[in-house]
Amino acid sequence: MRVLVVTAVPAEADSVVAGLSADGPSPAHALPGGLTLRRCAGAEVTVDVLAGGVGPAAAAAATATALTASVTATATAMGPAYDLVVSAGIGGGFAATAPLGSLVVADAIVAADLGAQTPDGHLAVEQLGFGRSTHVPAPLSERIAKALDAVHGPVLTVSTVTGTASRAAELTARHPRAAAEAMEGFGVAEAATAHGVPVVEIRAVSNAVGPRDRAAWRIGEALDALRNAFRLLSPVLEEEAR
């Protein structure tokens, strides 16, 4: 089984690699555009970890680059070279559902600000008659959530992080089950879906969605939680590969 994990920044990728491998630095493989894959190879599962950049556009471009390069490298016409793509990193949690330090596994990956603003509120692209704003993750996401003791709920992808109570209230009103907010999941899912590969999103909560209070963020703790999540995830992937 081959898995591609896409984070936004190197610190998140470091946490993923640390959770997957206790054997020190992983081999690096250069990709077009200055991207670098770090490989963690096990008996049953090989995981490639990529820091793809911040935001849905950068995430989609980096994911597509990795997926395309992998197909080219294996010279296969038999289907995708990866069996699963995982969008992973830290993010904001909706406090009623996902408090600081908790883990969230998406049961829906939602582009929360993709659409149109009208006097009557936000319209998703589906309501405008084109495109999509939601991806349904792989069925494996439910098993992963249980293995990680994580919240299993929608993760919203935004291009601008929420920093006010009014914006948090608006998102909650439109997505009452929302568990977390981040900036890359939908972009990763768009690229994975275009290549026919199932996708999962995992977030470790570093801050509450709402008024921006940088002093209250717990980034270090969230990165530790992300590392532990991938330590717990390894046996799930190994079992899935058998």
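Residues numbered from 1 in each chain as written. Predicted model: local features only at pLDDT ≥ 70, side-chain atom pairs only at ≥ 80, totals over all residues. Heavy atoms only, no water.

Chemist: Tell me about the packing of aromatic side chains, residues and numbers included.
Modeler: Under the definition given, this model contains 0 aromatic pairs. The ring of Tyr-82 is capped by Arg-2, whose NZ or CZ atom sits 4.5 Å from the centre of that ring. (Phe/Tyr/Trp six-rings, centres within 6.5 Å; stacked < 30°, edge-to-face > 60°. Lys NZ or Arg CZ within 6 Å of the ring centre and 35° of its normal.)

Chemist: Summarise the nonpolar core; cite the residues concerned and give the values.
Modeler: Among the nonpolar cores identified, the biggest contains 34 residues, and Val-5, Val-86, Ile-144, Ile-202 and Phe-230 are the most heavily contacted of them. Of all elements in the fold, only β1 (2-7), α1 (10-20), β4 (46-51), β5 (84-93), β6 (103-111), α4 (140-148), β12 (199-208) and α7 (219-241) reach the threshold of two or more residues within this core. Those residues in contact with Val-86 that lie beyond four places of it in its chain are Val-3, Leu-4, Val-5, Val-6, Val-200, Ile-202 and Phe-230. Core analysis: the next-biggest nonpolar cluster, separate from the first, contains 27 residues, Leu-35, Ala-66, Ala-106 and Val-199 among them. (Core = buried A, V, L, I, M, F, W, Y, C linked by side-chain atoms within 4.5 Å. Buried < 20%, exposed > 50% of the residue type's maximum accessible area, 1.4 Å probe, protein only. Helix = DSSP H or I, 4+ residues; strand = E, 2+ residues; numbered from the N terminus. Contact = heavy atoms within 4.5 Å.)

Chemist: Let's hear about helix α5 (residues 165-174): which residues, and what values?
Modeler: Of all the residues in α5, the buried ones are Arg-167, Ala-168 and Leu-171. With its buried residues spanning 100° around the axis, α5 presents them on a single face. For α5, exposure combined with an orientation more than 90 degrees from the buried face picks out Ser-166 and Ala-173. Taken together, the buried residues of α5 touch β10 (151-157) and β11 (180-182). (Arc of directions from axis to C-beta.)

Chemist: Any details on the packing of α1 against α7? Residues and values, ideally.
Modeler: Contact pair α1 / α7: the axes reach a minimum separation of 7 Å and the direction vectors enclose 35°. Between α1 and α7 the crossing geometry is right-handed. For the pair formed by α1 and α7, the contact residues are Ala-11, Glu-12, Ser-15, Val-16, Ala-18, Gly-19 and Leu-20 on the first element and Leu-223, Leu-226, Arg-227, Phe-230, Arg-231 and Ser-234 on the second. Looking at the contact of α1 with α7 residue by residue, the class counts come to 7 nonpolar, 3 polar and 3 charged. (Axes fitted to C-alpha atoms, helices over the stretch in contact; angles between N-to-C directions. Left-handed = near helix turned anticlockwise from the far one by under 90°. Nonpolar A, V, L, I, M, F, W, Y, C, P; charged D, E, K, R; others polar.)

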